[in-house]
Structures are given as structure tokens and as C-alpha cells.
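# A closer look at the structure
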Amino acid sequence: MANDLSVRNLIRSFGDFTAVDNISFDVPQGSFFSILGPSGCGKTTLLRMIAGFDEPSSGTISIRERDMRGVPPNKRPVNLVFQHLALFPMMDVAENIGFGLKRRGMNSAEIARRTETILERVDLPGYGKKQIRQLSGGQKQRVAIARCLVMEPSVLLLDEPLGALDLKLREQMKVELKKLQAKVGTTFIYITHDQSEALVMSDRIAVMNEGHFEQVGSPRELYSDPQTPFVARFVGDNNVWSGEVTESGERLTVRTGEDLLFRTRSHESYEKGSRVDLFLRPEAFRIEPTDSTDLNTFEVDVKTILFDGANSRLLTVMPGGHELLVSLPQNRQFDHIKPGDRILLGWHPDAGLCFKV
Amino acid sequence: MKSGFRLSFWLFLAPVLLWLFLLIVLPHIDLLLLSFRGENDMGDLVWTFDNYKNFFIEPIYWNTFVRTALYAIVTTFCTFVLALPVSFYIVKLARPRTRGFLTVLLLLPFWVSELVRVYGWMILLRESGVLNYFLLKTGLVQQPVEMLYNDATMIMGLVYTSMLFMVVPLISAMESLDDSLIEAASDLEASRFTILRTIIIPHCKPGITSGAIVVFMLALGNYLTPNLMGGKNSLWFTEQIYNQFIASFNWNQGAAFGFLLLLLSSGIIWIGLKLSRQRLGEVAA
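First, a word on scope: everything that follows refers to the structure included in this document. (Residues numbered from 1 in each chain as written. Chains lettered and ligands numbered in written order. Predicted model: local features only at pLDDT ≥ 70, side-chain atom pairs only at ≥ 80, totals over all residues. Heavy atoms only, no water.)

### A word on the sheet that holds strand 9 (residues 204-209) of chain A
Residue and element names in this part refer to chain A. In spatial order, the strands read 6-7-8-3-9-10; together these six strands make up an open sheet with mixed pairing. Strands with a single pairing partner mark the edges of an open sheet, and in this sheet they are strand 6 (78-81) and strand 10 (212-217). Going from strand to strand, the sheet's axes swing by 20° on average, the running direction of each strand aside. Sheet topology places strand 3 (residues 32-36) next to strand 8 (residues 187-192); five bridges connect them, and they run parallel. Note on strand 8: the bridge partner recorded for Ser 34 is Tyr 190. On the sheet, helix 1 (residues 43-51) packs against strand 3, strand 6, strand 7 (155-159), strand 8, strand 9 and strand 10 and is oriented at approximately 150° with respect to strand 7. Sheet contacts for helix 4 (residues 137-149): strand 6, strand 7 and strand 8; angle to strand 6, the most-contacted strand, approximately 170°. (Pairing = 2+ DSSP bridges. Helix = DSSP H or I, 4+ residues; strand = E, 2+ residues; numbered from the N terminus. Axes fitted to C-alpha atoms, helices over the stretch in contact; angles between N-to-C directions. Contact = heavy atoms within 4.5 Å.)

### Some remarks on the interface of chain B and chain A
At the junction of the two partners, chain B supplies 17 residues and chain A supplies 20 residues. Around 1,700 Å² of area is buried between chain B and chain A when both sides are counted, 62% of it from carbon and sulfur atoms. It is Asp 187, Leu 188 and Glu 189 of chain B that lose the most area in chain B upon contact with chain A, and together they represent 42% of the buried surface on that side. For Glu 189 of chain B, the salt bridge goes to Arg 104 of chain A, with nearest N and O atoms at 2.9 Å. Taken together, the connections running from chain B to chain A amount to six residue pairs in polar contact (both at pLDDT 80 or more). The set of elements that each furnish at least two residues to the side of chain B that touches chain A consists of helix 8 (179-187) and helix 9 (192-221) of chain B. Of all the elements, helix 8 of chain B adds the most residues to the side of chain B that touches chain A, at seven residues. Within the side of chain B that touches chain A, the residues separate by chemical class into seven nonpolar, six polar and four charged. (Buried area = accessible area lost by both parts, 1.4 Å probe. Salt bridge = Lys/Arg side-chain N within 4 Å of Asp/Glu carboxyl O. Polar contact = N/O pair within 3.5 Å; in protein donor to acceptor, adjacent residues only side chain to side chain. Nonpolar A, V, L, I, M, F, W, Y, C, P; charged D, E, K, R; others polar.)

### Structural notes on the side chain of Thr 192 of chain A
Residue and element names in this part refer to chain A. As for its position among the elements, Thr 192 is in strand 8. Engagement of the side chain of Thr 192 in a polar contact is seen with the backbone nitrogen of Asp 194, the distance being 2.9 Å. In contact with Thr 192, other than residues within four places in its own chain, are Ile 35, Leu 36, Gly 37, Lys 43, Glu 160, Glu 197 and Ala 198.

### Some remarks on the packing of aromatic side chains
Taken as a whole and judged by the stated rule, the model has 31 aromatic pairs over all chains. Aromatic side chains Phe 285 of chain A and Phe 298 of chain A sit 6.3 Å apart centroid to centroid with 70° between the ring planes, which places their arrangement in the edge-to-face category. Placement of the pair is Phe 285 of chain A in the loop between strand 14 (275-280) and strand 15 (286-287) and Phe 298 of chain A in strand 16 (residues 296-306), with a sequence separation of 13 residues. Per residue, the accessibility class of Phe 285 of chain A equals that of Phe 298 of chain A, and both read buried. Seen from their ring centres, Trp 121 of chain B and Tyr 160 of chain B are 5.3 Å apart, and the 85° between their planes marks the pair as edge-to-face. In this pair, Trp 121 of chain B is assigned in helix 5 (residues 114-125) and Tyr 160 of chain B in helix 7 (residues 151-175), connecting sequence segments 39 residues apart. Classification of Tyr 160 of chain B as partly exposed rests on a relative accessible area of 32%. Members of the aromatic cluster, connected to one another through ring pairs, are Phe 55, Phe 56, Tyr 61, Trp 62, Phe 65, Phe 237 and Phe 257 of chain B. Between the NZ or CZ atom of Lys 130 of chain A and the centre of the ring of Tyr 127 of chain A, over which it lies, the distance is 5.2 Å. Of note, Arg 37 of chain B hangs over the ring of Trp 47 of chain B, and the distance from its end group to the ring centre comes to 4.6 Å. (Phe/Tyr/Trp six-rings, centres within 6.5 Å; stacked < 30°, edge-to-face > 60°. Buried < 20%, exposed > 50% of the residue type's maximum accessible area, 1.4 Å probe, protein only. Lys NZ or Arg CZ within 6 Å of the ring centre and 35° of its normal.)

Pasting the structure below:
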């Protein structure tokens, strides 16, 4: 499939500081691609270069095989949904959406027709005459996206547009955005620091850190098979032990600070004696396993129960004081567990992952 | 508690009310009365509309007013055209440290009295002035050129005098303009001129209007600059008022002209607000 966006060896430096450090990636046509990273990792700079508000120090950006060097933002086949939406308060909804089409010199009847079509597509039919200040947060969101989509861009860029919404609306908009993207088929490039937004919506995610991509992959790959310790820490929750390899091989054996021996996997084999960090997801634990063959097992004390519906966890402490988060399935099986209890935990060696420090 | 608040409210308001009443309302009532007084054929003082009638009958008065109003509008427009890029540069393009410095540069000329500033221009522009000296030296002209005492110079002087009163409200209006609106417009294929016309100017409208009102009123009521830089040909309406009071010693006529100036200029501003669909309250806020 053709690529809508190709970025090659992109670098952007501000004096001594390199905001974007030699990034290359491709976004296939019609896909939902997210760039996920903590604030200050350079993702906004990257997006602004794609939109044309900033010029790369070196490297190329091509959209549909066309090199974008020196092309100003108003001549690029991309549109950007701004973080704070940047709807024009001096115009009504229809004028906002028709703004770009009017600049193309389209006649007003055609603009009105297309505006109404796109408003229906974002589920706001008949909203054309409303003023921007009359809209709710979610409606503003959809107008901002409609204003860009009506331009029929090759690529739609979204700069954390859900950041300003409250939690409930954000959850709802995540699903709506994903549905909308599937419906219109435009390539979306979405930047965010919220891993849940990226995981829910994207076909592919690039995890960005300090100006470079740590890993590019599907949400499932990033979650279950992180390639770097940064990705393991940043995407989803993880428990971390630091330890030392005591036995290398296909399965490593790691001795943790509490003098426990765990068998686990790693991407490469590390020599005996090397220092490693061992990552384990909260849901990898089995509480009081009935059959503990092949499992790493140990005992912990329950400190508190963090009840959060389906996302409930146990906060437990190991004898040495190391805290662990353990998923607590809400199937009533573990209702007897109370703070202060001592419980047995087990986990399968395939669930853990080691990285050399 | 409530009565205490009321007392202190009136106490603090008193100086303002006194100031308004004693220095503005009272003299104006006197002038208003004066403007309706006149001598009849017998030389007795009677109530009359003659002073107002003269303004409309004598073309020189009427034409002078129209000329003054038109030039004041031209001055306002020129000031706006110059002030817009200046304030845009100060707010959006200059670095924060340069911003303060540039604003001070704008303020600096206003530390000198208007009279001295106007004489400064005259030293530069007169026939034996600095500019002519250099023009003659470099051989660009053979004869010294008289650059003072024409309409263009007078308007330039008025624009120079009013610049600050347009820049300051524009700066405060532009500070509230979100940069991302400009970027969004650019992203939606708008050219620079379109961004200026559809985003920046509509956003700054209250600032533009309050600046325009101040500049228009200052230009219309200015006496010094038209008189000195425009010379005898300036035919500024304030000079007519001055002439009536001082030269002809006809206070009644002068008072009537003063009121006509107040009414007509308020009328022009009212029309301006109607045309731009704004209300005075919104602009002042």
C-alpha cells in the first residue's frame, strides 16, 4: 500500500538542543498513526514540521511522494487540528468550516453544500448558524475536525486535541475519533502523551523519547513485547525489580534485591553477573495459584486494596519493602482478601521481560 | 456595614464628581447659555439662534468644519495603517525583552511637550531647515523647498502626535489574540493578507475603534499642530473658534462653534460605531 507520509532522517536542532533526532518512518494510506511520548520529547516539533510551521535542520518529509521542503503551511496537503482547537471565535460554525474552501475560491453554494455534508458526518447536522461559544467541548472538537476534513487533506494531523476535555468526554471522543477515521478513511497522525488514547485508537504507534523513536508497532506489540526499557515503563503499568543474572540461557534466572530467584525471558541473552531490570505487568500475577509448577512464586503482604471497578489492584509489599501492583479480577473469587493478609503470588516466566541496565 | 460602604463610596466619588461638575459641566452650561445670546439691531443682548445659523449660512465656517472632519478621518486612517504593523511587530514578533524597549521608544517623544515636538519638526522641514540643508548639499535640489505649511505636512504632524494613542489599544487587543488562530488560518490555505483581513482585524476591532475614537477626537480638537505646521492655510476648525474668542472677541459665536464641534464630532463617532456595528460600552470595556 502507498505511503501517505514518509519521513527520512529528520533532524531539528535549536542551538545545542536536538529536539528531533534522526527520525525515519512511513505512514501507510488510510491508517491511524500515533506518536506517543512524554511532554518535551519533541513530538510537537515533529508535528509542526510536518504541518510546515517549522523547517527541519536536515532530512526530508514527503507527503504522497512529494517533497515538502520549502512548501509553506498554506500550500501543503495536510491540515492540523490544534491542541486548543483554534476555532475562529469571530465566525459561526459554517464560516469556520467554509473558511478553507473559500480560500480555494469555491463558490458559496458549493461551500454550503460541503459544509452541511461534513457537519452530518461529524453528527452535527444543522449546527452551521451556531456561534462557537454556544458549543460544548465535544462539539467544538468535532467542528475543529470537520474544518480540517472538509479540505480533504492527504493527512490529518491532530495535536493532543482531547487534552482539554474532561475524562468522561475524552473516553467517548476516543471511540468517536476512531469510528470517524474508519468512516472517512483519511490518514490520521495523532500525537499524545496519554498512552490510553494512543492504544485505543491507533493502528500503529511510535513511542518517542528525547527526540528519537524508541519503538514503532501495533498497540499490542508495544504492550506485550516492548523493545526498550523506556517503552516497558511508559506504555501501561509495570512492576520493576532490579537484579543480577545468575544463570543465562534461553530463560534467564535473575536474583532480585530480596534474594528471590526468578526465571524470565529477555530479547537478547545476557551474561551471568550483568545487572538487569525485570519488568512485569500487574495482570501477569496469579493470586494464590492452585497449580504452581513452572511458575515463579513468592509471598507478599497486602497493604491496601485500590478499588477501581474492572481496573482494581492490590498494593502489596514484599518482605524487603518493595511495592508491587497486582491486578485484582472482580469475579468475587478474591473478595476475602483484606489489607494485612499474606498471600502467595505466582507468575509465568514468559510474562516477565528483562533489560540490561 | 451597608451604610458604611455607601458613605465611603460617595466619599471617594466626591472628588471625581466635583471635578466633573466644577471644571466641565459648569463652564459648559455657561458656554451653552452664551452661545444662545446675541445682540439685536438695537445693540441689546437677547436670546437668539443666530450664532448657530451663521455656521450654516456662511460657507467658510461650514466648509472649514467639513475639511477639518475629513482630514481628521484621514489622520485616523493613516495612524491606523501605520500603527497596525508596529503593534503586530511589538506583540507577536519581537522578543519579550525587546518588547519593553520598543514600547518605551514609542513613549519617549511624549515626554517632550507637543509645542517642542512641533518646533522640532519645523526646524527639520523649514526652508532653511536641516532637511533642505542636506538636499542642497547633496545637489538633489537647486533651490530650497518649502516643506512646511501644506496639508500633507500638517497630516504627518497630526499622525505623529496621535501614533501612541492608536498603538497602545492595538497592542492590548493583539495580546489577547491566540497565535494558533493565525496558524490555523494559514493551515487552511489563507494568505497573509486574508489572515490580516479575516482574523487579525476582526479580533482587534474593539482596540481599533477605541484607538480611532481617541485619535479622531485629538486630531479634530488639536490647535497647535495645524496652526504651526499648516500655517495660515490650515483652516482648522479650532482656529475659527480661537479667532472668534480672541480676535473678534465674539464669545457668543465662539461658544456656538464649540458646541457645534462637540455635537458634530459625536455624530461622526456615532455613525462610525453604527457602520462597524459596535456599541460604545463594548469598546470602552
